[in-house]
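Close look at the chain arrangement
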Amino acid sequence: MIVNIKKLIIAFALLLSVQISYSQLGFSHEIGVIAGPIAYQSDFGVRYDFETNSGNTGFGVGIIHYINFAYRADCNCYTTDKYFNDHFKLRSEISWNRTTLNHFGEWVSPDYTSENADRLRGHSGEAENWDVGMQLEYFPRSIRAFAAGSYSFAPFVSLGAHYVSYNPSVYTDYVNPSSPGDVGNIEIPSNFYTRWEPGSISDTSGTTWSIVSSIGTRYKLSILSDLMVDLRFQYFFSDFTDGLDHQLESNKANDWLVWLNFGYIYYLD
């Protein structure tokens, strides 16, 4: 985990160097905080099942920074009237999220009384991720007009990439009739669903990349501050962020999440 955090720090330092290079061009800055609920889509439960989607939820927080191309801080003036400057912002972010995971759906219903059903009911986990990355946000309406108070809402869409340090946790309280003394031991395959392949369970930390896309809007609170809400989709290039990677047809896609963010943004200059 320490090695992964070091990698994340290096990635964040590279991100800051990019931001500083833009700063030297005189563009203005915004900083903010975000927080909100997460729905984690993983190998726990049954994919596309409402109970799974509503049950495996968590929470995330983050710090965000924007380069505003529409305004120059070095002259307190608007930039040359170009489409890109008036409709795009570059967003960088460092964030953290955690989600408790359990199995939901038909395979753990009271109707199932097999040992495998008991193994699923006894298995739980936790997904914990640190993110650092960038997104390019597109505003269909004029950024300059919004900053001047011409209208209250500024909708946007974004696309970007995040480097992720994941640290999953794996738990089981299944009591194996043939070995009751091994309850809670995640190194014993027979404590987990027997149709999963060997090596499907792991609490090893790691790093991966992810694609991040969102849709949202800003609300002009004052000349120097905005409220923001956005709905994020994040797809990981790993299936072990939740500590479980099995290849059954029901759940063999990589992990992903949906994050509803609420934020406050302040214009620095």
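The structure under discussion appears in the preceding block.
These notes cover the structure that comes with them. The structure presented is a predicted model; accordingly, all values stated were derived computationally and were not measured. (Residues numbered from 1 in each chain as written. Predicted model: local features only at pLDDT ≥ 70, side-chain atom pairs only at ≥ 80, totals over all residues. Heavy atoms only, no water.)

**Regarding the layout of surface pockets**
Under the convention used in this document: Residues are said to line a cavity or pocket when one of their atoms sits within 4 Å of a point; the points come from a 1 Å grid over protein atoms alone, cavities being sets where a 1.4 Å probe fits but cannot get out and pockets being open sets with protein on both sides within 12 Å along at least five of seven lines. Grid points are joined across faces, edges and corners, and a volume is the space filled by probe spheres set on the points. Only Asp, Glu, Lys and Arg are considered charged in this grouping, and only Ala, Val, Leu, Ile, Met, Phe, Trp, Tyr, Cys and Pro are considered nonpolar; every other residue, Gly among them, is considered polar.
The computed volume of the largest pocket comes to approximately 270 Å³. Lining the largest pocket we find 16 residues, and of these Pro189, Pro198, Gly199, Ser200 and Ile201 sit closest to its centre. Class assignment of the residues belonging to the lining of the largest pocket gives a composition of eight nonpolar, five polar and three charged.

**A short note on empty space enclosed by the protein**
If a probe the size of a water molecule is rolled over the atoms, the empty space left behind becomes visible. Summed over all chains, the structure comprises two cavities of 30 Å³ or more. Approximately 40 Å³ is the volume attributed to the largest cavity. Every residue lining the largest cavity is listed: Gln41, Ser42, Phe44, Val46, Arg47, Tyr48, Thr52, Asn53 and Asn251. For the lining of the largest cavity, a count of residues per class yields three nonpolar, five polar and one charged. Looking at the second largest cavity, the residues that line it are Lys89, Phe139, Arg141, Ser142, Ile143, Phe146, Tyr151 and Ala154.

**Quick notes on the environment of Ala117**
Let me state the cut-off plainly: Secondary structure elements follow DSSP: runs of H or I no shorter than four residues count as helices, runs of E no shorter than two count as strands, and numbering proceeds from the N terminus. The buried label goes to any residue with under 20% of its type's maximum accessible area, the exposed label to any with over 50%, and the partly exposed label to all in between, with areas taken from a 1.4 Å probe on protein chains only.
Considering the arrangement of structural elements, one finds Ala117 in helix H4 (residues 115–122). For Ala117, a relative accessible area of 2% corresponds to the buried category. Considered as a pair, Ala117 and Glu106 are eleven residues apart in the sequence and their alpha carbons are 9.7 Å apart.

**As for the pattern of salt bridges**
Worth spelling out the cut-off: The term salt bridge refers to a pairing of a side-chain nitrogen on Lys or Arg with a carboxyl oxygen on Asp or Glu at a separation within 4 Å.
By the definition in use, this model includes twelve salt bridges. Glu137 serves as the salt-bridge partner of Arg91, at 3.0 Å between the closest nitrogen and oxygen. Of this pair, Arg91 sits in strand E4 (residues 88–102) while Glu137 is found in strand E5 (residues 123–138), placing the two residues 46 residues apart along the sequence. Pair check on accessibility: Arg91 and Glu137 agree, each one buried. One network of salt bridges, with partners in common, ties together Glu30, Lys89, Arg218, Lys220 and Asp226.

**Quick notes on the pairing of E5**
This is how it is decided: Any two strands between which DSSP finds at least two bridges are classified as paired.
Taken across its 16 residues, E5 has 13 buried, putting it largely inside the fold. Pairing analysis gives 15 bridges linking E4 to E5, with the strands arranged antiparallel. Each residue of the ladder has a partner; that of Lys89, found in E5, is Glu137. Relative to strand E7 (residues 169–172), E5 runs antiparallel, the two sharing four bridges. Pairing of Glu126 across the sheet is with Ser169, part of E7.

**Let's talk about a nonpolar patch on the surface**
Let me state the cut-off plainly: Candidate patch residues must exceed 30% relative accessible area and have no salt bridge, after which like charges are joined if within 9 Å and Val, Leu, Ile, Met, Phe, Trp or Tyr side chains if within 5 Å. Only the protein chains shown count as cover for residues, and the accessible areas themselves come from Shrake-Rupley with a 1.4 Å probe.
On the surface, Ile31, Val33, Ile63, Phe153, Tyr219, Leu221, Ile223, Leu224, Leu227, Tyr264, Tyr266 and Leu268 cluster together into a nonpolar patch covering about 1,100 Å² of accessible area. With respect to the helices, strands and loops of the structure, Tyr266 is situated in strand E10 (residues 256–267).

**Some points on the environment of Asn53**
Stated formally: Every residue pair with non-hydrogen atoms within 4.5 Å of one another is taken to be in contact.
By secondary structure assignment, the location of Asn53 is in helix H2 (residues 50–55). Classification of Asn53 as partly exposed rests on a relative accessible area of 25%. Note: C-alpha distance between Asn53 and Val258 (205 residues apart in sequence) is 10.0 Å. Setting aside residues up to four positions removed in sequence, Asn53 forms contacts with Ala39, Gln41 and Tyr48.

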